[in-house]
Every structure is written in structure tokens, then in C-alpha cells.
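Structure assessment
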Amino acid sequence: MIGRITGTLIEKHPPQIVVDAHGVGYEIDVPMSTFYNLPAIGERVALHTHLVVREDAQLLYGFGSEAERATFRQLIKITGVGAKMALAVLSGMNANELAQAVAMQDTGRLTKIPGIGKKTAERLLLELKGKLADALPGAGQSGVAAAGGDVLNALLALGYNEREATHAVRQLAAGAGVEDGIRQALKLLSRT
């Protein structure tokens, strides 16, 4: 397994790059979030990698952070989600944004990503629920991520539309539990 590549960046053709490490050029597919943070051609670069060995190919995927790689690995474990779709998800949002979308069960954010429809977004949210908080340091620490999903569901059940409910949940104080979160959200909604 190739876990990390450090070398000179010699080519950039989205979403693929080539890194020269001691005379060997490695073709690496990267999400756009990593691509935009790459140095200029000729500069040194270090990437966390994931190697996929198939019958017809050996593919190397690179990530700017350990959190991105951990998220990629969680995504490809889901039935029907391959490496290309996982890269598309990470190109559309970073790992922390995805963890927050999963915590809030926000299908709208996922369906904005090209290639992700409503059913796929719902499957991703279902399969990733509770898994990204473990993979990402600090992902489940904010009040929004910890209790946001339950508060959002409660507000939707009370008849508020998704836009209003999501807006209220995003304004919750950090560390708010579910009951306090619902109270605070209802107070916020009653003002508008």
C-alpha cells in the first residue's frame, strides 16, 4: 500500500496530477479541493494517498489532508459509490462540510454536487450517519453537528420548511442539547 507521496509536482491536469518521486512519475487523481491547494509546477508536494488495485488497473488517489483520505475511504465502502463518485463528493465540499451535512441530514447540499441525485444523496446520508464523526477529528463537536440533525427533524415535524429549519439550526449555540436546541430554534423562528 502506498500511503504517502512526497516529490516534485511536474504536471497538473484536473483532476489528475503527476508527482516525480526519485525519478518515478506517479499519476494521482485528486479531488478539486486538494487540486486548488497544490503548489506551482516544479514545487515540492506531499499527499496522503489511497491505492486501488483492480484486475485492469492500479489507481492512486491523493489528498491534501488525512481527514479527506479518511472521508474518501468511508465513501468508497458504500455500495454503489466508487472512487469517481467519492472524488466528485470531495470536489463539491470538503470533509468537514460533508460531516456537517451528514449530521444535519441535509440532502440539499449533496444534490448540488454533479452526479449526485436525491436517492444517492439519501443513501449517502444513511450510510455515513455516525461514521464521519469518528473519521474526522472534531467533526461531532459543534452544537450544530451534535444535536442539529435531531433539532432539524423536530422542526420539520412541527411544519417548518427546510430552509427556515436549517437557518435556525445553524444559529444554535455550541453545546446545545436536543431539548435546548429545539427551544432556541423555536425562539429564533418566532422572531421572524
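Residues numbered from 1 in each chain as written. Predicted model: local features only at pLDDT ≥ 70, side-chain atom pairs only at ≥ 80, totals over all residues. Heavy atoms only, no water.

1. Here we look at the UniProt feature "domain: Helix-hairpin-helix DNA-binding motif class" (unreviewed entry) in the protein
Here is the rule: UniProt positions are given in the numbering used here, feature names are shortened, and annotations may be inferred rather than shown by experiment. Every helix listed is a DSSP run of H or I at least four residues long, and every strand listed is a run of E at least two residues long, numbered separately from the N terminus.
In the UniProt entry, the feature "domain: Helix-hairpin-helix DNA-binding motif class" (unreviewed entry) is given for residues 73-92 and 108-127. In this annotation, residues 73-92 is assigned 70% helix and 0% strand; the end-to-end C-alpha distance for the span is 16 Å. The span residues 108-127 is 70% helix and 0% strand, and its two end C-alpha atoms sit 16 Å from each other.

2. Quick look at the packing of aromatic side chains
Rules: Pairs were defined over the aromatic rings of Phe, Tyr and Trp, the Trp ring being its six-membered one, requiring ring centres within 6.5 Å. Orientation was assigned from the angle between planes: stacked under 30 degrees, edge-to-face over 60, tilted for the rest. Accessible area is worked out with a 1.4 Å probe on protein chains only. A residue is then buried under 20% of its type maximum, exposed over 50%, and partly exposed in between.
Here the structure, examined in full by the defined rule, presents three aromatic pairs. Their ring planes at 45° and their centres at 4.9 Å tell us that Phe63 and Phe72 sit as a pair that is tilted. By relative accessible area, which is 0% here, Phe72 ends up buried. By the ring-pair criterion, three or more aromatic residues cluster together here, those being Tyr61, Phe63 and Phe72.

3. A few points about the pairing of strand β5 (residues 58-63)
Stated formally: If DSSP finds at least two bridges between two strands, the strands pair.
Direction of pairing for strand β4 (residues 44-53) relative to β5: antiparallel, over a ladder of six bridges. For Leu51, the partnering residue across the bridge sits in β5 and is Leu60. As consecutive antiparallel partners, β4 and β5 are separated by four residues.

4. Section: the side chain of Thr49
The cut-off we apply is this: Here a polar contact is taken to be a pair of N or O atoms separated by no more than 3.5 Å, where protein atoms must pair a possible hydrogen donor with a possible acceptor and residues adjacent in sequence count only if both atoms sit in side chains. Note on contacts: a residue pair is in contact if any heavy atoms of the two residues lie within 4.5 Å.
The residue Thr49 is located in strand β4 in this model. Reaching out from Thr49, the side chain makes a polar contact with the backbone nitrogen of Arg4 at a distance of 3.3 Å. Those residues in contact with Thr49 that lie beyond four places of it in its chain are Ile2, Gly3, Arg4, Ile5, Leu60, Tyr61, Gly62, Arg69 and Arg73.

5. Overview of the environment of Val178
Summarising the element assignment, Val178 is placed in helix α10 (residues 178-191). For Val178, a relative accessible area of 34% puts it in the partly exposed group. On a C-alpha basis, the gap between Val178 and Val151 in space is 5.9 Å, while along the polypeptide they are 27 residues apart.

6. Regarding unusual backbone geometry
In this structure, the amide linkage connecting Pro14 to the following residue, Pro15, adopts the cis form with an omega of 0°. For His22, which is not glycine, the phi torsion reads 55° and is therefore positive. With respect to the helices and strands, the residue His22 is situated in the loop between β2 (16-21) and β3 (24-29). For His22, a relative accessible area of 83% translates into the label exposed. In this structure, Gln105 takes a positive phi of about 55° despite not being glycine. Among the structural elements, Gln105 can be located in the loop between α4 (95-103) and α5 (107-111).

7. Digging into the pattern of salt bridges
Between side chains of opposite charge, a pair can form as their charged atoms come close. We count it as follows: Note on definitions: salt bridges are taken to be side-chain nitrogens of Lys or Arg within 4 Å of carboxyl oxygens of Asp or Glu.
Under the criterion given, the structure shown has four salt bridges. Between Lys118 and Glu122 there is a salt bridge whose closest N-O contact spans 3.7 Å. With Lys118 and Glu122 both in helix α6 (residues 118-128), this residue pair falls four residues apart, about one helical turn. For Glu122, a relative accessible area of 40% gives the class partly exposed.

8. Concerning the packing of helix α2 (residues 66-76) against helix α3 (residues 83-92)
The test is simple: For every element, the axis is a line fit to its C-alpha atoms; helices are fit only across the contacting stretch, and the angle between N-to-C directions ranges from 0 to 180 degrees. Roughly parallel means an angle under 35 degrees; roughly antiparallel means over 145; roughly perpendicular covers 65 to 115; every other angle is labelled oblique. Each helix crossing is assigned a hand: it is left-handed if the near helix lies turned anticlockwise from the far helix by less than a right angle, otherwise right-handed if that turn is clockwise. The classification used treats Ala, Val, Leu, Ile, Met, Phe, Trp, Tyr, Cys and Pro as nonpolar, Asp, Glu, Lys and Arg as charged, and all other residues, Gly among them, as polar.
Where α2 contacts α3, the axes come no closer than 9 Å and their chain directions differ by 135°. The pairing of α2 with α3 is recorded here as oblique in orientation. As for how α2 packs across α3, the hand of that crossing is right-handed. Taken together, the residues of α3 that come into contact with α2 (itself represented by Glu68, Thr71, Phe72, Leu75 and Ile76) are Ala83, Ala86, Leu87, Val89 and Leu90. Classifying every residue of the contact of α2 with α3 by side-chain character gives eight nonpolar, one polar and one charged.

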